[in-house]
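Fold and geometry: a report
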Amino acid sequence: QVQLVESGGGLVQPGGSLRLSCAASGSALSVYDVGWYRQAPGKQRELVASITRGGSTSYADSLKGRTTISRDNYKNTVYLQMNSLKPEDTAVYYCNFKFGPRGFWGQGTQVTVSS
């Protein structure tokens, strides 16, 4: 089984930055396309960013210009760098290794943007 652990969330002031990490075990990161998702209370889980095995990236419009997804296959970790954070970015952030109909999900890490 693939196990994913997200970390790096926390409380940050508006305009601040965070780098989220998704560490994988049980399989090589290099074989998966990976997506970062977020879910705010009462909202649909939405795709934030994705990166393919080949390194191609894609971003949600709401995060474009403020977000960078990257991967370090040697460390078996995917990162989500978020800058210029806004209160509306507050959500639980999840990573997903794409495989089959649902893929593999981590437990999520809470990001709270507030003064």
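Residues numbered from 1 in each chain as written. Predicted model: local features only at pLDDT ≥ 70, side-chain atom pairs only at ≥ 80, totals over all residues. Heavy atoms only, no water.

Turning our attention to the sheet that holds strand 3 (residues 18–25). Ordered by their spatial adjacency, 4 strands build an open sheet running 1-3-8-7, and the pairing between neighbours is antiparallel. Strands with a single pairing partner mark the edges of an open sheet, and in this sheet they are strand 1 (3–7) and strand 7 (67–72). Shown here is a sheet whose adjacent strand axes are inclined to one another by a mean of 15°, direction ignored. Of the strand pairs in this sheet, strand 7 and strand 8 (residues 77–82) are connected by 6 bridges, and their pairing is antiparallel. The residue bridging Asp72 from the neighbouring strand is Thr77, located in strand 8. (Pairing = 2+ DSSP bridges. Helix = DSSP H or I, 4+ residues; strand = E, 2+ residues; numbered from the N terminus. Axes fitted to C-alpha atoms, helices over the stretch in contact; angles between N-to-C directions.)

Let's shift gears to the pattern of salt bridges. Scanning the entire structure with this criterion turns up 4 salt bridges. A salt bridge links Arg53 to Asp33; the nearest nitrogen and oxygen atoms lie 3.7 Å apart. Highlighted residues: Arg53 in the loop between strand 5 (46–51) and strand 6 (57–59) and Asp33 in the loop between strand 3 and strand 4 (34–39), separated in sequence by 20 residues. Looking at Asp33, the relative accessible area reads 26%, which means it is partly exposed. The shortest N-O distance in the salt bridge between Asp89 and Arg38 comes to 2.9 Å. One end of the pair, Asp89, is in the loop between strand 8 and strand 9 (91–97); the other, Arg38, is in strand 4, with 51 residues separating them in the sequence. The class for Asp89 is buried, based on a relative accessible area of 0%. A single salt-bridge network, built from bridges that share partners, covers Arg38, Glu46, Arg66 and Asp89. (Salt bridge = Lys/Arg side-chain N within 4 Å of Asp/Glu carboxyl O. Buried < 20%, exposed > 50% of the residue type's maximum accessible area, 1.4 Å probe, protein only.)

A word on the pairing of strand 3. Where strand 1 lies against strand 3, 5 bridges are found, and the strand directions are antiparallel. When the sheet's bridge partners are listed, Leu4 is paired in strand 3 with Ala24. In this structure, strand 3 lies alongside strand 8, joined through 6 bridges in antiparallel fashion. The residue bridging Cys22 from the neighbouring strand is Val78, located in strand 8.

Applying the stated rule across the entire model yields 1 disulfide. Residue Cys22 pairs covalently with Cys95 via a disulfide, S to S 1.8 Å. Its S-S torsion of approximately 50° makes the covalent link between Cys22 and Cys95 right-handed. Within this pair, whereas Cys22 is found in strand 3, its partner Cys95 is found in strand 9, the two being separated by 73 residues in sequence. Comparing Cys22 with Cys95 shows no difference in burial state: the two are buried. (Disulfide = S-S within 2.5 Å.)

To continue, consider unusual backbone geometry. Phi angles above zero are rare outside glycine, and Asn76 is one such case at about 55°. By the secondary structure assignment, Asn76 is in the loop between strand 7 and strand 8.

One pass over the full model with this rule turns up 6 aromatic pairs. Between the aromatic rings of Phe99 and Phe104, the centroid separation amounts to 5.9 Å while the plane-to-plane angle is 20°, which identifies the pairing as stacked. Taking relative accessible area as the criterion, Phe99 reaches 53% and is therefore assigned exposed. For Phe104, a relative accessible area of 23% corresponds to the partly exposed category. Taken together, the ring pairs in this structure connect Tyr32, Phe97, Phe99 and Phe104 into an aromatic cluster. (Phe/Tyr/Trp six-rings, centres within 6.5 Å; stacked < 30°, edge-to-face > 60°.)

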